Amino acid sequence: MAQLLCKNLMLGYENNILVRDLSFEVNQGDYLCIVGENGSGKSTLMRTILRLQPPMGGEIAFGDGMRPNEIGYLPQQTVVQKDFPASVREIVLSGCQGHSSGSFFYSKEEKQLAAEHMERLGIAELSGRCYRELSGGQQQRVLLARALCATGKLLLLDEPVSGLDPKVTMEMYHLIKGLNDQGISIIMISHDIQAAVKYASHILHIDADIFYGTKKQYLASPVGKRYIGEEGGEEK
């Protein structure tokens, strides 16, 4: 069974329906990019997967040994969050809270896990620094390390390169692809369809007509050709 299976979802809030009859799955090692116009329901889908709001219809199921509390999440940052007065180490460690035993203190194993992920993402030397003093790219690495503390299986990333300069954007994409190559499944919301096609194994395009399939299928589809273009859609 897939790690994540979404079947016939209806998404929205109050009486406002954004998406109807949405079905897709994520298997271990997949890299799924979710694209579409602003307001199409991409972030609503992310919140629904995270159980922050219920679907208006349909179902979400977890399989292949996956549990809902084993999802790592990197949200879009607000201005207030970027100014958060905590140390890098404290923020990364907070990713362990979802699977802690209820203790107010982090275990030795959790501290070691946080240290390993900071080293993995090249921010170990920043562990004692205040988060709000960091650059945008450094902050995103901290939040990615935090998300990794919550999971070794599935990461949900909501516009992870938003506001970053081109060089740092490419570095972040390479980091995420490296994690995927190591076996972590990725679900990423992106406004950059060109980058989605470059890095993803699967595309979910939420529009008036929903598309879900492999990257190759997307490039050959009418919606893929419309958004990428006949020439720009060729794989590099």
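Above this text you will find the structure in question.
First, a word on what this report is: a plain description of the structure on this page. These figures come from a predicted structure and were not determined experimentally.

1. A short note on the overall build of the protein
Right, so step 1: Summing up its helical and strand segments, the protein has nine helices and nine strands in all.
Right, so step 2: The globule rule puts the C-alpha radius of gyration for 236 residues at 18 Å, and the 18 Å found for the protein is close to it.
Right, so step 3: Projected onto the principal axes, the alpha-carbon positions of the protein cover approximately 50 × 40 × 30 Å.
Right, so step 4: Put simply, the protein has 236 residues, and 48% of those count as buried.
Right, so step 5: Nonlocal contacts in the protein, meaning residues at least 24 apart in sequence, comprise 66% of its contacts between residues at least 6 apart.
Right, so step 6: Total accessible area on the protein stands at roughly 12,000 Å², and carbon and sulfur atoms take up 50% of it.

2. Quick notes on the nonpolar core
Right, so step 1: Judged by nonpolar contacts, the single largest core of 48 residues is most densely connected at Leu144, Leu155 and Tyr218.
Right, so step 2: A total of seven residues in this core trace back to one element, the largest contributor, which is helix 5 (residues 136-150).
Right, so step 3: Counting 23 residues, the second largest nonpolar core, distinct from the first, contains Leu50, Phe62, Ile187 and Ile206.

3. Structural notes on the packing of aromatic side chains
Right, so step 1: Taken as a whole and assessed by the stated rule, the structure comprises three aromatic pairs.
Right, so step 2: Between phenylalanine 24 and tyrosine 212, the aromatic rings sit 6.1 Å apart at their centres with planes inclined by 50 degrees, giving tilted as the arrangement. Pair noted here: phenylalanine 24 is in strand 2 (residues 16-26) and tyrosine 212 is in strand 9 (residues 211-214), with a separation of 188 residues, a long-range link.
Right, so step 3: When the ring of phenylalanine 211 is compared with that of tyrosine 218, the centres are 5.3 Å apart and the planes differ by 55 degrees; the resulting orientation is tilted.
Right, so step 4: By relative accessible area, which is 14% here, phenylalanine 211 ends up buried.

4. Let's talk about the side chain of glutamine 53
Right, so step 1: Mapping glutamine 53 onto the fold places it in the loop between helix 1 (42-49) and strand 4 (57-62).
Right, so step 2: A distance of 3.1 Å separates polar atoms of two side chains, one belonging to glutamine 53 and the other to arginine 47.

5. Looking at unusual backbone geometry
Right, so step 1: Positive phi, normally seen in glycine, also occurs at glutamate 14, with a value near 50 degrees.
Right, so step 2: Inspection of the secondary structure puts glutamate 14 in the loop between strand 1 (4-13) and strand 2.
Right, so step 3: Positive phi, normally seen in glycine, also occurs at aspartate 64, with a value near 55 degrees.
Right, so step 4: Tracing the sequence through the fold places aspartate 64 in the loop between strand 4 and strand 5 (71-74).

6. Comments concerning the packing of helix 4 (residues 108-120) against helix 5
Right, so step 1: Where helix 4 meets helix 5, the axes come as close as 9 Å, and the angle between the chain directions of the two elements is 135 degrees. Here helix 4 lies oblique to helix 5, going by the angle between them. When the axes of helix 4 and helix 5 are compared, the crossing they make is right-handed. Taken together, the residues of helix 5 that come into contact with helix 4 (itself represented by Leu113, Ala114, His117 and Arg120) are Ala145, Leu148 and Cys149.
Right, so step 2: Residue classes in the contact of helix 4 with helix 5 are distributed as five nonpolar, one polar and one charged.

7. Examining the environment of leucine 134
Right, so step 1: Structurally, leucine 134 is set in the loop between helix 4 and helix 5.
Right, so step 2: Relative accessible area serves as the criterion here: at 8%, leucine 134 is assigned to the buried category.
Right, so step 3: Sequence spacing of leucine 134 and lysine 198 is 64 residues, and the spatial spacing of their C-alpha atoms is 29 Å.
Right, so step 4: Leave out the neighbours within four places in its chain, and leucine 134 touches Val88, Leu126, Arg129, Gln139 and Val142.

8. A short note on the sheet that holds strand 4
Right, so step 1: Across the sheet, which stays open at both edges, the three strands sit in the order 2-1-4 with antiparallel pairing between neighbours. Where the open sheet ends on each side, the last strands, each with one partner, are strand 2 and strand 4. Averaged over all neighbouring strand pairs, the angle between strand axes comes to 25 degrees, with direction disregarded.
Right, so step 2: In terms of strand pairing, strand 1 meets strand 4 through five bridges, oriented antiparallel. What sits directly across from leucine 4, in strand 4, is phenylalanine 62.
Right, so step 3: Helix-sheet contacts for helix 1 involve strand 1, strand 2 and strand 4, and the interaxial angle to strand 1 is about 120 degrees.

9. So, the sheet that holds strand 6 (residues 154-158)
Right, so step 1: Judged by pairing direction, the sheet is mixed, and its six strands sit side by side in the order 5-6-7-3-8-9 without closing on themselves. Of all strands in the sheet, those bounded by a partner on one side alone are strand 5 and strand 9. With direction set aside, neighbouring strand axes in the sheet form an average angle of 15 degrees.
Right, so step 2: As paired strands, strand 3 (residues 31-36) and strand 8 (residues 202-206) are joined by five bridges and run parallel to one another. Paired with leucine 32 across the two strands is histidine 202, which belongs to strand 8.
Right, so step 3: Its contacts with the sheet put helix 5 on strand 5 and strand 6, and the angle it makes with strand 5 is roughly 165 degrees.

Definitions and cut-offs
- Here the residue numbering is sequential within each chain, running from 1 through the sequence in written order.
- Selection of residues for local features in this predicted model requires a pLDDT of at least 70, selection of side-chain atom pairs for listing and counting requires 80 or more, and totals for whole chains, interfaces and linings are taken over all residues.
- Remark: hydrogens and water are excluded; side-chain values derive from all non-hydrogen atoms of the structure.
- Every helix listed is a DSSP run of H or I at least four residues long, and every strand listed is a run of E at least two residues long, numbered separately from the N terminus.
- Just to be clear, the radius of gyration here is over C-alpha atoms, and the globule rule we use is 2.2 Å times residues to the power 0.38.
- A simple rule labels every residue: compare its accessible area, found with a 1.4 Å probe on the protein chains alone, to the largest value its type can have, and call it buried under 20%, exposed over 50%, or partly exposed in between.
- Residues count as neighbours in contact if any of their non-hydrogen atoms are within 4.5 Å of one another.
- Surface accessibility follows the Shrake-Rupley procedure with a 1.4 Å probe radius. Residue values consider only the protein chains on display as shielding.
- In plain words, nonpolar cores are sets of buried Ala, Val, Leu, Ile, Met, Phe, Trp, Tyr and Cys residues tied together by side-chain atoms within 4.5 Å.
- Between the rings of Phe, Tyr and Trp (Trp by its six-membered ring), a pair exists once the centres lie within 6.5 Å; its type follows the angle of the planes, with under 30 degrees stacked, over 60 edge-to-face, and the other angles tilted.
- Any pair of nitrogen or oxygen atoms within 3.5 Å is treated as a polar contact; in protein, a donor-acceptor pairing is required on top of that, and neighbouring residues in sequence qualify only through side-chain atoms on both sides.
- Axis definition: a line fitted to C-alpha atoms, over the contacting stretch in the case of helices. Angles run 0 to 180 degrees between N-to-C directions.
- Throughout this description, any angle smaller than 35 degrees is read as roughly parallel, any larger than 145 degrees as roughly antiparallel, any in the 65 to 115 degree range as roughly perpendicular, and the remainder as oblique.
- Crossing chirality is assigned from the near helix's rotation relative to the far helix, an anticlockwise turn below a right angle marking it left-handed and a clockwise turn marking it right-handed.
- Under the grouping applied here, Gly and all other residues not named as nonpolar or charged are polar, the nonpolar ones being Ala, Val, Leu, Ile, Met, Phe, Trp, Tyr, Cys and Pro and the charged ones Asp, Glu, Lys and Arg.
- Strands are treated as partners if at least two bridges between them are detected by DSSP.

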